[in-house]
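# Structure assessment
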Amino acid sequence: MTDASASAAHRAFLDLLHAQRVWDVELPAFDPAAAPPAPLPLFHIWFAEAVAAGQAEPHTMTLATVDGEGFPDVRTLMLHDADERGWHFATHATSAKGRELAARPHAALGFYWPAQGRQVRVRGPVTVCSPAESSADLHARSTGALASALVGRQSEVLGSTGELDRASDAAWQRAREEPEAEVASWTRYVVEPREVEFFQGDARRRHVRLRYRREAGAGSGAGSAAWERELLWP
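Calculation criteria
- Residues numbered from 1 in each chain as written.
- Predicted model: local features only at pLDDT ≥ 70, side-chain atom pairs only at ≥ 80, totals over all residues.
- Heavy atoms only, no water.
- Helix = DSSP H or I, 4+ residues; strand = E, 2+ residues; numbered from the N terminus.
- Buried < 20%, exposed > 50% of the residue type's maximum accessible area, 1.4 Å probe, protein only.
- Contact = heavy atoms within 4.5 Å.
- Areas by Shrake-Rupley, 256 points an atom, 1.4 Å probe, with all protein chains shown as cover.
- Lys, Arg positive; Asp, Glu negative; His and termini not counted.
- Charge placed at Lys NZ, Arg CZ, Asp CG, Glu CD.
- Phe/Tyr/Trp six-rings, centres within 6.5 Å; stacked < 30°, edge-to-face > 60°.
- Lys NZ or Arg CZ within 6 Å of the ring centre and 35° of its normal.
- Core = buried A, V, L, I, M, F, W, Y, C linked by side-chain atoms within 4.5 Å.
- Axes fitted to C-alpha atoms, helices over the stretch in contact; angles between N-to-C directions.
- Parallel < 35°, antiparallel > 145°, perpendicular 65-115°, else oblique.
- Left-handed = near helix turned anticlockwise from the far one by under 90°.
- Nonpolar A, V, L, I, M, F, W, Y, C, P; charged D, E, K, R; others polar.
- Salt bridge = Lys/Arg side-chain N within 4 Å of Asp/Glu carboxyl O.
- 1 Å grid on protein atoms, 1.4 Å probe; cavity = no way out; pocket = protein on both sides within 12 Å on 5 of 7 lines; lining within 4 Å.
- Points joined across faces, edges and corners; volume = space filled by probe spheres on them.
- Pairing = 2+ DSSP bridges.

What the protein chain contains, in helices and strands, is six helices and 10 strands. Along the first, second and third principal axes, the C-alpha atoms of the protein chain reach 60 × 55 × 40 Å. The proportion of buried residues among the 234 residues of the protein chain is 38%. A separation of at least 24 residues holds for 67% of the contacts in the protein chain among residues at least 6 apart in sequence. As displayed, the protein chain offers around 13300 Å² of accessible surface, 54% of which is attributable to carbon and sulfur atoms. Computed over 25 positive and 31 negative side-chain charges, the inter-centroid distance for the protein chain is 5 Å.

Pasting the structure below:
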């Protein structure tokens, strides 16, 4: 590609980028003074409202971790639960994120629901659930999810797509024949919140940001009442 064509391609990209708009819908109001004393009930309310608003895949979230050299890493995955313990997800302990969490057991989560101009951010230490919980998590999912877990080798270098096809076909067959098959590396994790922020977008850019912070010496658990609430400048 010549310099001229590269410049034209970049200009076309910028034109397309700058033509995009956000929140071309009527955004809901959010009164932080009426928010509950703990973040978990508000998360449940906002999640239900995102579903009702037609938000696509509201159960997906970004997970940020840090590798052994201190470099951040991020990916998108599914929420498996949000309860008194915290926000749950699962993956292979042998995956990149599994190894990163083993070395540095802290993480941040991000939910973005553009249908309502809302974000939720969660930060805190990560704990590993019991093998029984991890097994139950695996077998509560679909046949396809079990097949994917049986393939394993997540984050390893793949030699070819044909190699993946063969491994996937074999895993699908086993998942159908052995729906209770175990995957030793499958692990359920919980992010125990220390901070949870709720962001409500505003068309006039007067966004509302409400942050919950756990008070010093408070116990663990998303539902504890020992939270400090504070507003943040947008």
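Right, let's talk about the packing of aromatic side chains for a bit. Enumeration according to the criterion identifies 12 aromatic pairs in this entry. Look at Phe30 and Trp46: their rings are 5.1 Å apart centre to centre, the planes differ by 75 degrees, and that puts the pair in the edge-to-face class. Within this pair, whereas Phe30 is found in the loop between α1 (3–18) and α2 (39–52), its partner Trp46 is found in helix α2, the two being separated by 16 residues in sequence. The buried category is assigned to Phe30, whose relative accessible area is 13%. Ring plane angle 70 degrees and centroid distance 6.2 Å describe the contact between Phe47 and Trp113, whose orientation is recorded as edge-to-face. Of the two residues, Phe47 sits in helix α2 while Trp113 sits in strand β5 (residues 106–113), which places them 66 residues apart along the sequence. Judged by its relative accessible area of 1%, Trp113 falls in the buried class. Put simply, the rings of Phe30, Trp46, Phe198, Tyr212 and Trp227 touch in pairs and so form one group of aromatic residues. We note Arg118 situated over the ring of Trp46; from NZ or CZ to the ring centre the distance is 4.1 Å.

What follows concerns the nonpolar core. Judged by nonpolar contacts, the single largest core of 30 residues is most densely connected at Phe43, Trp87, Phe111 and Val120. Considering every element that reaches this core, the biggest residue donor is α2, with five residues. Each residue touching Phe43, except ones within four places of it in the same chain, is listed here: Leu79, Ala82, Trp87, Phe111, Trp113, Val120 and Phe198. Leu138, Leu150, Ala175 and Trp186 belong to the second-largest nonpolar core, a separate cluster that totals 11 residues.

Quick look at the packing of helix α5 (residues 143–151) against helix α6 (residues 161–177) now. Contact pair α5 / α6: the axes reach a minimum separation of 8 Å and the direction vectors enclose 125 degrees. By the angle between their axes, α5 is oblique relative to α6. Between α5 and α6 the crossing geometry is right-handed. Of α6, the residues touching α5 (which contributes Thr143, Gly144, Leu146, Ala147, Leu150 and Val151) are Ala167, Ser168, Ala171, Trp172, Arg174, Ala175 and Arg176. Residues that form the contact of α5 with α6 fall into these classes: eight nonpolar, three polar and two charged.

Once that is clear, we can look at the pattern of salt bridges. Tallying each qualifying case throughout the model produces 16 salt bridges. Here Asp15 and Arg11 are joined by a salt bridge, their closest N and O atoms 3.7 Å apart. Pair noted here: Asp15 and Arg11 are both in helix α1, with a separation of four residues, about one helical turn. Several salt bridges converge on common partners, so that one network encompasses Arg211, Arg213, Glu228 and Glu230.

Moving on, we come to the layout of surface pockets. The volume enclosed by the largest pocket comes to roughly 280 Å³. Listed by contribution, the elements that provide at least two residues to the lining of the largest pocket are β2 (72–78), β4 (87–92) and α5. Ranked by residue count, the leading element in the lining of the largest pocket is β2, at four residues. Within the lining of the largest pocket, the residues separate by chemical class into six nonpolar, seven polar and three charged.

Here the focus is the pairing of strand β8 (residues 195–200). By the criterion of burial, β8 is predominantly enclosed, with five of the six residues buried. As judged from the six bridges shared by strand β6 (residues 118–128) and β8, these two strands associate in the antiparallel manner. Its bridge partner lying in β8, Gln119 is registered against Phe199. Both β8 and strand β9 (residues 208–214) contribute to a ladder of six bridges, which runs antiparallel. Looking across to β9, one finds that Gln200 is bridged to Val208.

Keep in mind these values describe shape, not function.
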